[in-house]
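# Descriptive structure summary
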Amino acid sequence: MELTGKVAIVTGSGRGLGLAYAEALAAAGAAVVVNDVDRAAVDAAVERITGAGGRAAGVVAAVGTTEAADELVSAAVEEFGRLDVMVTNAGILRDRVLWKMTDEDFDDVVRVHLRGTFTCARAAAVRMREQGTGGRIVLISSPAGQRGNFGQTNYAAAKAGIVAMARTWAMELARAEITVNAVVPVAATEMTKTIPAFGPVIEESERTGEPFPNWLRKDEGLGTVRDVAGLITFLASDASKGVTGQAIGIGGDRLALWSHPAEKAVAFSEGGWSADEIAEQWATGVGAEPETYGIPAPKVPEA
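This paragraph deals with the sheet that holds strand β1 (residues 7–10). The pairing of strands in a sheet comes from backbone hydrogen bonds and takes either a parallel or an antiparallel form. Read from one edge to the other, the open sheet built from 8 strands follows the order β3-β2-β1-β4-β5-β6-β7-β8, with strand pairing classed as mixed. Each having just a single partner strand, β3 (55–60) and β8 (254–257) make up the two edges of the open sheet. In this sheet, neighbouring strand axes are inclined to one another by 20° on average, regardless of whether the strands run parallel or antiparallel. Pairing between strand β7 (residues 247–251) and β8: 4 bridges, direction antiparallel. In the sheet register, I250 faces β8, and the bridge partner there is L255.

Okay, here's the thing in structure tokens:
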């Protein structure tokens, strides 16, 4: 995939998935603005990219504020002359069950994930519309935002909101030829290492260099961070100009299109529904096949 001449920003790209995205975009020819709150991580990421022959600049900033978003876009324009791609990847975790989650736990995660996505996408959209040559906005969501996840009220709500913003912005920015999509990645990260079924397998692969087994890559759709990067590069390219408003999952050997919410079952009652009427017909009518919720537990093959 050819991205020569394009300029991209990847938030939260000092390590992990974000770094994999930045490296892949640079390898395809794009100039990349790397971002993280850790100066050492930013410097190391820039050095990795430039050492491999790519072009990169770094911005140390905590995503969430308008000022940080404007700083990122200004850096892209000042260093490389324009902005073509915004990847909103920055995030934090503050996991707690509902009755133990504090206001700060909730606000911190929503500020970085949801507000940070909003402010960065807005700043990018303003610049891209001024340039008049279209653009690509790639928002990073999560399976937790699609299905919910135990202990992640804040994170799941923010990630669900990110997909809703992608659908909305796809409509609003269509005339400017700016596409907006949400990516739902699954990869071996510090977070997935904490899942009992995944942790030992990931650690063993890191120790031996052996690839993940097929049940993990195919059945669970979990691979390395590099396995996700190809989708980011595609969505940043001219090849994806007809793709917008979508939630696309990727991980391991699996690529998937997530469905948008839709009415599953409908019933009508002349004059409307009373509570008693709903109770009488629920189990055999609209509620006969209730939706599942939560991320399914991994299915580890028996030894």
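So, next bit.
Turning next to the side chain of T11. Inspection of the secondary structure puts T11 in the loop between β1 and α1 (16–27). Since its relative accessible area comes to 1%, T11 is described here as buried. A distance of 2.7 Å separates a polar atom in the side chain of T11 from the backbone nitrogen of N89. Apart from the residues lying within four places of it in its own chain, the contact partners of T11 are N35, V63, L72, M86, V87, T88, N89, A90 and C120.

Moving on, we come to the packing of helix α4 (residues 103–131) against helix α6 (residues 153–172). It is at 8 Å that the axes of α4 and α6 come closest, and there the two elements cross at 15°. Classified by the angle their axes make, α4 and α6 are roughly parallel. Two packed elements cross with a definite hand, and for α4 against α6 that hand is right-handed. Listed contacts from α6 to D105, F106, V109, V110, H113, L114, T117, F118 and A121 of α4 are T153, N154, Y155, A158, K159, G161, I162, M165 and W169.

All right, on to the side chain of R217 then. Note that R217 resides in helix α8 (residues 214–219). Using a relative accessible area of 16% as the deciding quantity, one classes R217 as buried. Within the structure, R217 has its side chain in polar contact with the side chain of D227 (distance 2.8 Å). Polar contacts involving the side chain of R217 include one to the side chain of D253, which spans 2.8 Å.

Attention now goes to the pattern of salt bridges. For the structure on display, the rule yields 13 salt bridges. Here D84 and R82 are joined by a salt bridge, their closest N and O atoms 2.9 Å apart. On the basis of relative accessible area, D84 is assigned to the buried category, the value being 8%. Its salt-bridge partner being E206, residue K193 comes within 3.0 Å of it at the nearest N-O pair. With K193 in the loop between β6 (178–185) and α7 (199–208) and E206 in helix α7, this pair connects stretches of sequence that are 13 residues apart.

The rules we used
- Residues numbered from 1 in each chain as written.
- Predicted model: local features only at pLDDT ≥ 70, side-chain atom pairs only at ≥ 80, totals over all residues.
- Heavy atoms only, no water.
- Pairing = 2+ DSSP bridges.
- Helix = DSSP H or I, 4+ residues; strand = E, 2+ residues; numbered from the N terminus.
- Axes fitted to C-alpha atoms, helices over the stretch in contact; angles between N-to-C directions.
- Buried < 20%, exposed > 50% of the residue type's maximum accessible area, 1.4 Å probe, protein only.
- Polar contact = N/O pair within 3.5 Å; in protein donor to acceptor, adjacent residues only side chain to side chain.
- Contact = heavy atoms within 4.5 Å.
- Parallel < 35°, antiparallel > 145°, perpendicular 65-115°, else oblique.
- Left-handed = near helix turned anticlockwise from the far one by under 90°.
- Salt bridge = Lys/Arg side-chain N within 4 Å of Asp/Glu carboxyl O.

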